[in-house]
Amino acid sequence: MKKGYLVLENGAVFEGDLIGALEASGEVVFNTSMTGYQEIVSDPSYAGQIIVFCYPQIGNYGINHLDSESEHLHLHGVVTGEQCEEPSHYLATGSFSNGLLQSEIPSLTGVDTRSLVKMLREYGTMKGQITAELPNTNVEWKSEKSFVPTVSVKEKTHYPGEGPHIVLMDYGYKKSILTSLQSLGCAVTIMPFDTTFEEVVDLQPDGVLLSNGPGDPEALSGTFETIRLISEKYATFGICLGHQLLALAHGASTRKLPFGHRGSNHPVKHLETGKVFITSQNHGYEVVQDTLEDTGFALTFVNLNDGTVEGLKHHHYNIQSVQFHPEAHAGPSDTAYLFDAFMNQITRTGDQHYAFT
Amino acid sequence: MPLRKELKKVVILGSGPIVIGQAAEFDYAGTQACLALKEEGIEVVLINSNPATIMTDSSIADHVYMEPMTLPYVEEILKKEKPDGIIGTLGGQTGLNLVVELYEKGILEKLNVELLGTSVESIQNGEDREKFRQLMLDIGEPVPESKIAVTREEALTFAREIGYPIMVRPAYTMGGEGGGFAADDNALLEIVDRGLSLSPIHQVLIEKSMLGWKEIEYEVMRDENDTCMIVCNMENMDPVGIHTGDSIVVAPSQTLNDYQYQMLRNVSLKVIRAIDVIGGCNIQIGLNPESNDYYIIEVNPRVSRSSALASKATGYPIARMAAKCAIGFTLDELPNPITGNTYAAFEPALDYLVVKIPRFPFDKFPEGDRVLGTQMKATGEVMAIDRSFEGALNKAVRSLESGHQSLTGLYEEVSQEYLNEQLMTPTDDRLFFISEAFRRGYSVKDIQLLTAIDRWFLHKVKRIVEAEVKIMNQTDLSEELLIHVKQLNVSDAYISKATGKTIDSIMSMCKEAGIQRGMKQVDTCAGEFEAITPYFYSTYLGSDEVQKTNEPGILVLGSGPIRIGQGVEFDYCSVHATQAVKKLGYRAIVMNNNPETVSTDYSVADRLYFEPLSLEDVLAVIEKEQIIGVAVQFGGQTAVNLAEELHERGVPILGTPVENINKVEDRDQFYQLLDSLSIPYIEGKMAYQPGEMEELAAELGFPIIVRPSYVIGGQNMFIFRHMDELKRYTQKLESSSKKMWPFLLDRFVEGIECEVDVICDGESIVIPGIMEHLERAGVHSGDSTAIYPPVSITEEQKETITMYSEKLSQALECRGLMNIQFVIEQGIIYVLEINPRSSRTVPVISKVTNVPMVEWAIKAQLQENSLETTGLLEETPYYTVKFPIFSNGKLKNVDHVLGPEMKSTGEVLAIAKTSEEALRKAIVPMWDPNKLPSSILCSISAEHKEAACDVLMKLKEKGVALYATPGTAELLNDKGISSITIKKDLDEIEALMKEELSAVVSIPTIGREKERSGFQMRALATRYKIPCFTHLDTLQLLVLEGSKTFEVNSLEHWHQMKETPIGQEG
């Protein structure tokens, strides 16, 4: 294998073995999950990023036909301690490193990822590049555009079902959100991120789900008004980026976290019951708690570790949102019940509609 | 919910003596729990009869009761202490069973003691086979179908109903003997026939087989508010069928994808919620390797061996959190002590792998049946951490101290047929047979077919084997290869052996090539948060993150895995040494590799290195830390054995000079020393080859003791009374290992044995107490019943013992602790042996005399003339008896007859005002002392017959029916003691045992020979759970005089009594 490097914005260099001859740049983030690498790399929320896996042995069970969260890989690179070339699993169709190669995703392995993670924790998320040669001059770090337009569907896709009709606003949705809705019998229409309010109304949905997606929610400021209108009219559920967009659309603000939350072990506390749930998370931004005051939102979940906003519920409108991923994959499904709660939200709206008319 | 303020006083039940299946992990759990409760202001009462533990220190609990762990005694304690609550889920199966019994007998209710944590109903839902089964069916979770059969016809019907393959388990057989897998009717009937005849209750369990399935474990925490989470999951490298305690285990799971990981996680949470556990819980699941089908194998509604492992593997202190949950806290209220700023309600993420390998006692019991199955056989375990499986596996292998430093090289001579057989039938050495198979060119697929081990593990083992072979075959060790093998953490010792270079030259080659270890932190969170815990491991796959310091540190070497002869007592000593080092103002650095122990709790040392205790690993830690001295006296023989190699490399060793350590371990030097001090010893000779042994024996005269040099626990020691016995033994030896030579031959003196632990400061000595062995010499000190203060040693003899100890200490320039064993025969006091270190009796004597022996020893090593009191200290006004506990019934083919080789796995302590009462309490685990046996079967060897008559007469007079084998019956008859003669026929003996027999007295000439009928008789007694006395001096305990009470007292109470002697109590 060829030597390769991960060069960071702060000048630090990590050496490793380059798999394939490809190079890449992007924001370097780390994920603490010990399983689920296939789900993680195929999560469109990682678009444009270089993922560092904290767990050192990646690829043990290979890759398979079932576990990808999207058809294409949108991330820019992968950094690991070791990638298993002899995977063992009854479903395995090939090795992880081969999968990355075929999707032309550069990866650097044999890296002391723990040291790298500690640096990211201390310096905060940084840009970086995977290269075969050490750069001679100073690297110019470009700021990236929003990846939402790239990862979002270009046109409407409909999945029929017997139950309520859900419009899934796609900012980079994970397949598991779709399958979670389908498993409850929903008909789902997936719409591009820039769908207008009128287009949504025309679809006559029973509820709207704003999906996860990559990057800074502020970059989508053009959609805030649409989102506000949708959420005031329909039972609305926001996940991850969707949650941030709902908060922004109703007047709250967001900010970047020092190094984000990415992993399968994040405890969130449900304020009503005091119960703690372990959740799957993948986000670099948070809703600022102090800015919720005049938005009509109440806090439902907080992160047990750093107290950040993990869930919101609107006092007047039928809106719920969570920062974490109830659809799991990778990660625990302790909060899968929130999809049922969304169904109840819809039923309640139905009752209200009935009462008002 | 916050702390329940109404709880003022809480009882914690310990797990009693160490037996196979229940080891030091409960000392770790109990210690954590006691401290967790104490820091909330709760008064803690601890009940545990095991004196070798940390938890029974008066500093851990407020009131420590070292009393028998049976209902009458525990009830007395509860009456006396009047606690508000009791926790039974931290003391293993012993604690759990006791608390259930206390509840069921209505004692808790009567005494108004609340059961804290998991309720009895929940415990039973997890423990009771049928209740558990029903509960699983109710919640729709699959358990393997099973039925009990008492006839072959029934078995066949059930098997066809359930479908093959079938697992057959005979009820109550030794080590699961007679069970097996059946793939069809014929095989089934064969196993069932055998199983039914072997089962004392004539029952077999017919169970759906999960042969070859993956065995996965989850450690779960749950609080009262139903917050429920996983601390760690683990995967057994060995598939279902081998007890998890006997399996090689890796954490986290390696071959499960996220779907499966989460599926089984959800199942675990669902089951634990259904059982309604509060605290920690372990669940074992079988997963089909070819689908997502699974079965729940077992649930332990308490902390366990696995939870100790999970705690050490992740850094998450399960027992501590379980104790806090039991007193009302919820997990989100409890800080995660590792990070300090996050909470206990989260799931640890690892950025390393952990490998556990069990430690088996077959080096001590070469005759034992080594086949692994559902009955656990390991006495202890090691754990290793690295950033690759290969690295962790190699580190674990060298932590085992089983003599091998590599995977290959152990079975190169075996035939292919034998090799295949060993691959198919798992034994303790299967890893090494797999390695040998790879060395011979077997493919991963071949081995997978034979072992059913997942390919992932096999590929990794293959990679190590290939690397080992490569070094062996290379003439010149290239830098590239060296880097490769060190990244796999292949040992320097192996590289040295393979290349013919010295270890030091390998080390310097590594240095030159820039191959360096990084010391990484265990932080529960994969680096996501800053951790404040000084818990480290080394890896060749990453850079160092240990903060350099200039503060001088002292390295305390631990004792590695628990094995026969080296148990939890050395962990006690290591922990105390660490605390003493800290108290004296030095940084204490601890190295150990045993996940069950208190010493590997990150809160004990200033810095903990979870590492193998081999030269290269110890030197690496010394290099990182500013070590000004290494304490080698507290980690048993493991630590002492490192002293010389460290000393040679210029490492300062604390305590007795290393040259003098050798003086007591080398026979010739030892005799010279004793001669020069005019101290009598028992003449011995050294035999270098078989023929010599007979010659020397003739010179010394029989009886003689024969043993190989440099041993722990009297390994392979034998007493021979006649030349033919010796000849038979030497014939056998010729075919076995060469490593045992030379052999030591000693004249065997059958006198009173006693031992002392001496603390020396270079000038003066102090002896806190002399322990006398109840059995006459010839029984290993670890297996003997010992009493303090001594009952048959005169004042004058005590003075001589003290004088000899002083002379020896001065001659050896002893600093710290030293254990000396004596035998007294016809007024002459002989020195038997010296252990230049702390010993098994240190915790016992420390506790009963209230002398902090280890602390004084450390002080003596670090300061001049530190001893404030000297000489033999005044004896306590109460008696203490240490009684050995054997893991009978766990190991097939092992004879638990008392002899010069140590066989016990643990011990209990009893304290009372009189020696009789102390003895009576001590024997409780073997025999209810308030009951006389109704009938006894006696079989006594010729030489002991005379001596036996006295005690047998007494028993007879008390109305005990005596059965005897022909020879014994004849002698008894001669002495006018009538008995019923029983032929030396196993069927007849078995029939007697089945009917009714309260005890067996079997005093053999020589143990460990399977063909002897005595051995068979003892094995039968074990099968029928009939107490078996193998030494007359132990049998005496049945006819003790004196009052029978259940008086209980806490350790502190005894200590007070020491200050105010009996008779002057207010």
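Residues numbered from 1 in each chain as written. Chains lettered and ligands numbered in written order. Predicted model: local features only at pLDDT ≥ 70, side-chain atom pairs only at ≥ 80, totals over all residues.

### Details of the overall build of chain B
Quick note on the threshold: Put simply, DSSP marks the helices as runs of H or I at least four residues long and the strands as runs of E at least two long, and each gets a number from the N terminus on. Residue burial here comes from a neighbour count, namely the number of other C-beta atoms, placed from the backbone, that lie within 10 Å of the residue's own C-beta, with 20 or more meaning buried, 12 or fewer meaning exposed, and in between meaning partly exposed. A residue pair is marked as a contact if its C-beta atoms, positioned from the backbone, fall within 7 Å.
Helix and strand counts for chain B come out as 36 helices and 40 strands. Referenced to the eigenvectors of the C-alpha coordinate spread, the extents of chain B come out at roughly 75 × 70 × 70 Å. Burial status across chain B gives 58% buried among its 1066 residues. Of the contacts formed within chain B by residues at least 6 apart in sequence, a portion of 72% connects residues at least 24 apart.

### Brief notes about the overall build of chain A
Rules: The size measure is the radius of gyration over C-alpha atoms, and the globule rule it meets is 2.2 Å times the number of residues to the 0.38 power.
Of the regular secondary structure elements, chain A holds 9 helices and 19 strands. Radius of gyration (C-alpha) of chain A: 20 Å, near the 21 Å computed for a compact globule of 357 residues. Projected onto its principal axes, the C-alpha coordinates of chain A cover approximately 70 × 45 × 40 Å. For chain A, the residues scored as buried account for 58% of the 357 residues in total.

### Remarks on the domain arrangement of chain B
How we decide: The domain boundaries here were taken from an automatic or database domain assignment.
What the domain assignment reports for chain B is domain 1 (9-126), domain 2 (145-208), domain 3 (211-348), domain 4 (397-515), domain 5 (522-653) and domain 6 (930-1039). A separation of 31 Å is found between the C-alpha centroids of domain 2 of chain B and domain 3 of chain B.

### Let's talk about unusual backbone geometry
Note the cis peptide between Tyr164(B) and Pro165(B), where omega equals -5 degrees. With respect to the helices and strands, the residue Pro165(B) is situated in the loop between helix 7 (152-162) and strand 7 (166-170). Residue Pro703(B) is bonded to the preceding Phe702(B) through a cis peptide linkage, with omega at -5 degrees. Residue position: Pro703(B) is located in the loop between helix 25 (690-700) and strand 24 (704-708). Not every positive phi belongs to a glycine, and Cys240(A) is a case in point at roughly 60 degrees. Even without being a glycine, Ser678(B) presents a positive backbone phi close to 55 degrees.

### Topic: the interface of chain B and chain A
To keep things clear, this is the line we draw: Three classes are used, and their members are as follows: Ala, Val, Leu, Ile, Met, Phe, Trp, Tyr, Cys and Pro are nonpolar, Asp, Glu, Lys and Arg are charged, and the others, Gly among them, are polar.
Of the residues lining the interface, 45 residues belong to chain B; the matching set on chain A comes to 39 residues. Looking at the side of chain B that touches chain A, the elements that each hand over two or more residues are helix 9 (258-275) and helix 16 (455-473) of chain B. Of all the elements, helix 9 of chain B adds the most residues to the side of chain B that touches chain A, at 6 residues. Grouping the constituent residues of the side of chain B that touches chain A by class yields 19 nonpolar, 14 polar and 12 charged.

### What about the sheet that holds strand 17 (residues 518-521) of chain B?
For sheets, the rule is that strands pair by backbone hydrogen bonds, running either parallel or antiparallel. Residues and elements named next belong to chain B. Note the threshold: Note on pairing: two strands pair once DSSP finds at least 2 bridges between them. A fitted line through C-alpha atoms represents every axis, and for helices the fit uses only the stretch in contact; the resulting angles, taken between N-to-C directions, go from 0 to 180 degrees.
Taken together, the 6 strands give an open sheet; going across it, the order is 17-18-21-20-19-22, and neighbouring strands pair in mixed fashion. Whereas interior strands pair on both sides, the edge strands pair on one side only; in this sheet they are strand 17 and strand 22 (627-631). Strand-to-strand twist in this sheet, taken as the mean axis angle between neighbours without regard to direction, amounts to 30 degrees. Summarising the sheet, strand 19 (residues 553-557) and strand 22 pair through 4 bridges and their orientation is parallel. Counted as the bridge partner of valine 556 is alanine 631 from strand 22.

### Quick notes on the environment of Val64(B)
Residue and element names in this part refer to chain B. Mapped onto the elements of the fold, valine 64 is located in strand 3 (residues 63-65). Take valine 64: there are 26 C-beta atoms within 10 Å of it, and that puts it in the buried class. C-alpha separation for the pair valine 64 and serine 49, spaced 15 residues apart in sequence, amounts to 9.6 Å. Setting aside its immediate chain neighbours within four residues, valine 64 contacts Leu46, Thr56, Ser58, Ser1050 and Leu1051.

### A word on the nonpolar core
Nonpolar side chains tend toward joint burial in soluble globular proteins. Under the convention used in this document: To count as a nonpolar core, a set of buried Ala, Val, Leu, Ile, Met, Phe, Trp, Tyr and Cys residues must be joined through C-beta atoms within 7 Å.
In terms of nonpolar packing, the biggest core is built from 403 residues, with Leu168(A), Val355(B), Val556(B), Leu557(B) and Ala631(B) touching the most fellow members. Among the elements that make up this core, the one with the highest residue count is helix 16 of chain B (8 residues). Ranked by size, the runner-up nonpolar core spans 14 residues in total, among them Ala149(B), Ala182(B), Leu188(B) and Val204(B).

### Some thoughts on the domain arrangement of chain A
Many analyses report the size of an interface as the accessible area lost when the parts associate. All names here are of chain A. Along its sequence, chain A is carved into domain 1 (2-131) and domain 2 (148-356). Of note, the centres of domain 1 and domain 2, computed from C-alpha atoms alone, are 27 Å apart. Taken together, the 22 residues of domain 1 in the interface contact 22 residues of domain 2. Elements that contribute at least two residues to the side of domain 1 that touches domain 2 include exactly strand 3 (24-31), helix 1 (37-41) and helix 3 (113-123). Looking at the side of domain 1 that touches domain 2, the element that brings in the most residues is strand 3, giving 3 residues. Looking at the side of domain 1 that touches domain 2, its residues break down into 7 nonpolar, 11 polar and 4 charged.

### A closer look at the environment of Met519(B)
Within the secondary structure, Met519(B) is located in strand 17. Separated by 75 residues in sequence, Met519(B) and Asn594(B) have C-alpha atoms that sit 18 Å apart.

### Digging into the sheet that holds strand 1 (residues 9-13) of chain B
Across the sheet, which stays open at both edges, the 5 strands sit in the order 3-2-1-4-5 (chain B) with parallel pairing between neighbours. Two strands lie at the open edges of the sheet, namely strand 3 and strand 5 (114-115) of chain B, each paired on one side alone.

### Here we look at the pairing of strand 1 (residues 2-8) of chain A
Residue and element names in this part refer to chain A. Strand direction decides the pairing type here: strand 1 and strand 2 (residues 13-19), joined by 6 bridges, are antiparallel. Each residue of the ladder has a partner; that of lysine 2, found in strand 2, is leucine 18. Connecting the antiparallel pair strand 1 and strand 2 is a turn made up of 4 residues, with glycine 11 showing a positive phi of about 95 degrees. Here strand 1 pairs with strand 9 (residues 126-131) via 4 bridges, running antiparallel. Of the residues in strand 9, the one forming a bridge with valine 7 is glutamine 129.

### Examining helix 11 (residues 318-326) of chain B
Within helix 11 of chain B, 9 of the 9 residues are buried, which leaves the element mostly enclosed by the surrounding structure. Of the residues trailing helix 11 of chain B, Gly328(B) is marked for its positive phi of about 115 degrees.

### Observations regarding the packing of helix 14 (residues 430-439) of chain B against helix 16 of chain B
Residues and elements named next belong to chain B. Our working definition: These descriptions rest on fixed angle ranges, namely under 35 degrees for roughly parallel, over 145 for roughly antiparallel, 65 to 115 for roughly perpendicular, and the rest for oblique. Note on convention: near helix rotated counterclockwise from far helix by under a right angle means a left-handed crossing. Clockwise means right-handed.
Packing of helix 14 against helix 16 brings their axes to within 9 Å, and their N-to-C directions diverge by 60 degrees. By the angle between their axes, helix 14 is oblique relative to helix 16. The interaxial crossing formed by helix 14 with helix 16 has right-handed handedness. On helix 16, the residues touching Ile434, Ser435, Phe438 and Arg439 of helix 14 are Val461, Lys462, Val465 and Val469. Taken together, the residues that form the contact of helix 14 with helix 16 break down as 5 nonpolar, 1 polar and 2 charged.

### Section: the environment of Val288(A)
All names here are of chain A. Structurally, valine 288 can be placed in the loop between strand 16 (276-287) and strand 17 (297-303). Residues valine 288 and threonine 308 lie 20 residues apart in sequence; the distance between their C-alpha atoms is 7.8 Å. Setting aside residues up to four positions removed in sequence, valine 288 forms contacts with Ala252, Ser253, Thr254 and Arg255.

### Brief notes about the confidence of the model for chain B
As a reminder of what qualifies: The predictor's confidence in any single residue is recorded as pLDDT, a number from 0 to 100.
Overall, the predicted model of chain B reaches an average pLDDT of 91, with 97% of residues at or above 70. Taken over the whole predicted complex, pTM reads 0.95, whereas the ipTM for its chain interfaces reads 0.97.

### Focus on the pairing of strand 16 (residues 380-386) of chain B
All names here are of chain B. Counting buried positions over the 7 residues of strand 16 gives 7, a clear majority of the element. Here strand 16 shows two buried faces, one formed by Gly380, Val382, Ala384 and Asp386 and the other by Glu381, Met383 and Ile385. Across 7 bridges, strand 15 (residues 353-359) lies against strand 16 in antiparallel orientation. What sits directly across from proline 358, in strand 16, is glutamate 381.

### Let's talk about the packing of helix 20 (residues 569-583) of chain B against helix 29 (residues 853-862) of chain B
Residue and element names in this part refer to chain B. Interaxial distance between helix 20 and helix 29 falls to 8 Å at its minimum, and their mutual angle equals 55 degrees. As far as their axial angle goes, helix 29 and helix 20 are oblique. Viewed along their axes, helix 20 and helix 29 form a crossing whose handedness is right-handed. Residues Cys573, His576, Ala577, Ala580 and Val581 of helix 20 pack against Val854, Glu855, Ile858 and Lys859 of helix 29. When its residues are assigned to classes, the contact of helix 20 with helix 29 shows 6 nonpolar, 1 polar and 2 charged.

### Considerations on helix 31 (residues 942-957) of chain B
Each turn of an α-helix holds 3.6 residues, which means side chains three or four residues apart point in the same direction. Cut-off, in case you're wondering: The length a helix should cover is 1.5 Å for every residue beyond the first.
With 16 residues, helix 31 of chain B should reach 22 Å at 1.5 Å per residue; the first-to-last C-alpha distance of 23 Å fits that figure. Immediately downstream of helix 31 of chain B, the backbone of Gly959(B) shows phi near 95 degrees, a positive value.

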